[in-house]
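Structure at a glance
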Amino acid sequence: MLERGDFRGARNAVTDEMIEIFAIAGNRDYCIERIDQLLKQGVTHFVVGSPIGQDKSEAIRRIGQDIIPYFKENA
C-alpha cells in the first residue's frame, strides 16, 4: 500500500491492537504508564519516531517536557 502511495489504505489496515503491540500512543499519563510497564519487563531503550502526529514540533516538545523529565526524576 505505502509503496503505491495509498496512505489512507495503509492507515485503515492498521488496527488499534497493532498500535498497542508496536507503539506507545496516547496522553502523557498513558505513555508514562506504558513505558513504566516496559521498563519493568526489562526494556532499556525507546525510540521516538514517525508517525508522531500532525504537529511534529509540538509532539517532540511535549515528549521532552512532559514524559522524559518524569523518568529522570524517578530513575
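Residues numbered from 1 in each chain as written. Predicted model: local features only at pLDDT ≥ 70, side-chain atom pairs only at ≥ 80, totals over all residues. Heavy atoms only, no water.

1. So, the overall build of the protein chain
The number of helices and strands found in the protein chain is 4 helices and 0 strands. Scanning the protein chain from its N terminus toward the C terminus, one meets helices and strands in the order α-α-α-α. Its C-alpha atoms give the protein chain a radius of gyration of 14 Å, clearly above 11 Å, the size a compact globule of 75 residues would have. Judged by the C-alpha coordinates and their principal axes, the protein chain covers about 45 × 30 × 20 Å. Burial analysis of the protein chain (75 residues in total) assigns 13% to the buried set. Pairs at least 24 residues apart make up 37% of the contacts formed inside the protein chain by residues separated by at least 6 positions. Looking at the protein chain as shown, the accessible area adds up to about 6400 Å², and 54% of this sits on carbon and sulfur atoms. The averaged location of the 12 negative side-chain charges in the protein chain is 4 Å from the averaged location of its 10 positive side-chain charges. (Helix = DSSP H or I, 4+ residues; strand = E, 2+ residues; numbered from the N terminus. Rg over C-alpha atoms; globule rule 2.2 N^0.38 Å. Buried < 20%, exposed > 50% of the residue type's maximum accessible area, 1.4 Å probe, protein only. Contact = heavy atoms within 4.5 Å. Areas by Shrake-Rupley, 256 points an atom, 1.4 Å probe, with all protein chains shown as cover. Lys, Arg positive; Asp, Glu negative; His and termini not counted. Charge placed at Lys NZ, Arg CZ, Asp CG, Glu CD.)

2. A word on the confidence of the model for the protein chain
Counting all residues, the mean pLDDT for the protein chain is 87, and 99% of those residues have values of 70 or more. Model confidence for the protein chain, summarised as mean pLDDT per element, is weakest for helix α1 (residues 7–13) at 82 and strongest for helix α3 (residues 28–40) at 94. (pLDDT = per-residue confidence, 0-100.)

3. Topic: the pattern of salt bridges
Under the counting rule described, the total for this entry stands at 4 salt bridges. Among the ionic pairs, arginine 28 bridges to aspartate 29, the shortest N-O distance being 2.8 Å. Glutamate 58 is paired through a salt bridge with arginine 61; the nearest N and O atoms lie 2.6 Å apart. Of the two residues, glutamate 58 and arginine 61 are both situated in helix α4 (residues 56–73); the distance of 3 residues between them amounts to about one turn of the helix. Under the relative-accessibility criterion, arginine 61 is labelled partly exposed at 36%. (Salt bridge = Lys/Arg side-chain N within 4 Å of Asp/Glu carboxyl O.)

4. Topic: the nonpolar core
Cys31, Ile32, Ile35, Ile67 and Phe71 together form the largest nonpolar core, which totals 5 residues. Listing elements by their share of this core, those giving two or more residues are α3 and α4. Top contributing element to this core by residue count: α3, with 3 residues. Not counting residues within four places of it along the chain, the set of residues in contact with cysteine 31 comprises Ile24, Ala25, Gly26 and Ile67. (Core = buried A, V, L, I, M, F, W, Y, C linked by side-chain atoms within 4.5 Å.)

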